[in-house]
Amino acid sequence: MTEFRKRSLFRSFLRIFPIFLLYVAVFNEFDVNHLNIKYLSFNFAYILIFFWTLKKIDYFGYGLIFIAGVINDVVTGMPLGLSSFCYMLLCAASSYLRSITIKPNLIKDWFFFLVTISTVNSIYFMILSLIFLIEIDYVFLLINNFFTFLFFIVFYFIFNFYFEKFMARSDV
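Residues numbered from 1 in each chain as written. Predicted model: local features only at pLDDT ≥ 70, side-chain atom pairs only at ≥ 80, totals over all residues. Heavy atoms only, no water.

What about helix α5 (residues 106-130)?
Spacing of three or four residues puts side chains on the same side of an α-helix, whose turn is 3.6 residues.
Phase 1 of the analysis: Compared with the 36 Å implied by 1.5 Å per residue over 25 residues, the 35 Å span of α5 between its first and last C-alpha is a close match.
Phase 2 of the analysis: Listed as buried for α5 are D109, W110, F113, T116, I117, V120, N121, Y124, F125, I127 and L128.
Phase 3 of the analysis: Buried residues in α5 make contact with α2 (44-55), α4 (82-100) and α6 (138-167).
Phase 4 of the analysis: Two to three positions downstream of the cap, the backbone nitrogen of I107 sits 3.0 Å from a side-chain oxygen, assigning the N-cap of α5 to N105. (Helix = DSSP H or I, 4+ residues; strand = E, 2+ residues; numbered from the N terminus. Expected span 1.5 Å × (residues − 1). Buried < 20%, exposed > 50% of the residue type's maximum accessible area, 1.4 Å probe, protein only. Contact = heavy atoms within 4.5 Å. Polar contact = N/O pair within 3.5 Å; in protein donor to acceptor, adjacent residues only side chain to side chain.)

So, in structure tokens, the structure goes:
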């Protein structure tokens, strides 16, 4: 009986691990700029949200993603609700892709992700620029989009391995 409880507790942790990872990412404002590489930046939260809402939304939930966006705004000092809005746009795009896709294809998902993050980042920076009068570094925007796009494929394989190994098999 004790072994059963340990397995259930471990499986429960494995099920919530992606959400835990999202909250760690938004609390720490995960960024590779701490390595002092001038133009290396990517948005890990976008990759995480897009993958898991595309793969299986049951493990995330829109409310938890919205709250993560509010936390991200508080941590980064941005206008409250803006990141949540962008995260919800990512969720809507991945939900749309999930509903129209009969057979998942990595390359199509990857390029759809590029279009989605480009659109979401453009909306995000337009709102910051036009409404809140915050100056935008467009080089940073392009570099962030590019590296987020490139790192998506790496994290896709990592998250897909995790999903297949720990979540899809038993569907806890």
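Now that the structure has been shown, we can carry on.
Considering α2
Phase 1 of the analysis: The end-to-end C-alpha distance of α2 is 16 Å, a good match for the 16 Å that 12 residues give at a rise of 1.5 Å each.
Phase 2 of the analysis: The buried fraction of α2 is high, at 11 of 12 residues.
Phase 3 of the analysis: What α2 keeps buried is the set F44, A45, Y46, I47, L48, I49, F50, F51, W52, T53 and L54.
Phase 4 of the analysis: Where α2 begins, one side-chain oxygen reaches toward the backbone nitrogen of A45, 3.3 Å away; that side chain belongs to N43.

A short note on unusual backbone geometry
Phase 1 of the analysis: Look at L133: it is not a glycine, yet its phi comes out positive at around 55°.
Phase 2 of the analysis: Position of L133 relative to the elements: it lies in the loop between α5 and α6.
Phase 3 of the analysis: Taking the relative accessible area as the measure of exposure, L133 reaches 70% and is therefore exposed.

Quick word on a nonpolar patch on the surface
Phase 1 of the analysis: Taken together, M126, L130, I131, F132 and I134 make up a surface patch of nonpolar side chains, about 510 Å² in accessible area.
Phase 2 of the analysis: Note that I131 resides in the loop between α5 and α6.
Phase 3 of the analysis: A relative accessible area of 59% means that I131 is categorised as exposed. (Patch = residues over 30% accessible without salt bridge, like charges linked within 9 Å, V, L, I, M, F, W, Y side chains within 5 Å. Areas by Shrake-Rupley, 256 points an atom, 1.4 Å probe, with all protein chains shown as cover. Salt bridge = Lys/Arg side-chain N within 4 Å of Asp/Glu carboxyl O.)

A look at the nonpolar core
Phase 1 of the analysis: With 48 residues, the main nonpolar core has L22, W52 and F60 as its most contacted residues.
Phase 2 of the analysis: Setting aside its immediate chain neighbours within four residues, L22 contacts A45, L48, I49, F60, I65 and A68. (Core = buried A, V, L, I, M, F, W, Y, C linked by side-chain atoms within 4.5 Å.)

So, the confidence of the model for the protein chain
Phase 1 of the analysis: Per-residue confidence for the protein chain gives a mean pLDDT of 85; residues scoring 70 or more make up 87%.
Phase 2 of the analysis: Per-element mean pLDDT across the protein chain ranges from 79 in helix α1 (residues 2-28) up to 94 in α4. (pLDDT = per-residue confidence, 0-100.)

Concerning the packing of aromatic side chains
Phase 1 of the analysis: Counted by the stated rule, this structure contains 29 aromatic pairs.
Phase 2 of the analysis: A centroid spacing of 5.8 Å and a plane angle of 50° characterise the contact between F152 and Y156, whose relative ring orientation is tilted. Here the residue F152 and the residue Y156 both occupy positions in helix α6, the gap between them amounting to four residues, near one helical turn. Like F152, the residue Y156 is buried in the burial classification. (Phe/Tyr/Trp six-rings, centres within 6.5 Å; stacked < 30°, edge-to-face > 60°.)

Some remarks on the packing of α2 against α6
Phase 1 of the analysis: Their axes nearest at 10 Å, the elements α2 and α6 cross at an angle of 45°. Overall, the two elements α2 and α6 adopt an arrangement that is oblique. For the pair α2 and α6, the crossing hand works out as right-handed. Touching F44, I47, L48, F50, F51, W52 and K55 of α2 are T148, F151, F152, F155, Y156, F159, N160, Y162, F163, E164 and M167, all from α6.
Phase 2 of the analysis: For the contact of α2 with α6, the class distribution of residues is 14 nonpolar, two polar and two charged. (Axes fitted to C-alpha atoms, helices over the stretch in contact; angles between N-to-C directions. Parallel < 35°, antiparallel > 145°, perpendicular 65-115°, else oblique. Left-handed = near helix turned anticlockwise from the far one by under 90°. Nonpolar A, V, L, I, M, F, W, Y, C, P; charged D, E, K, R; others polar.)

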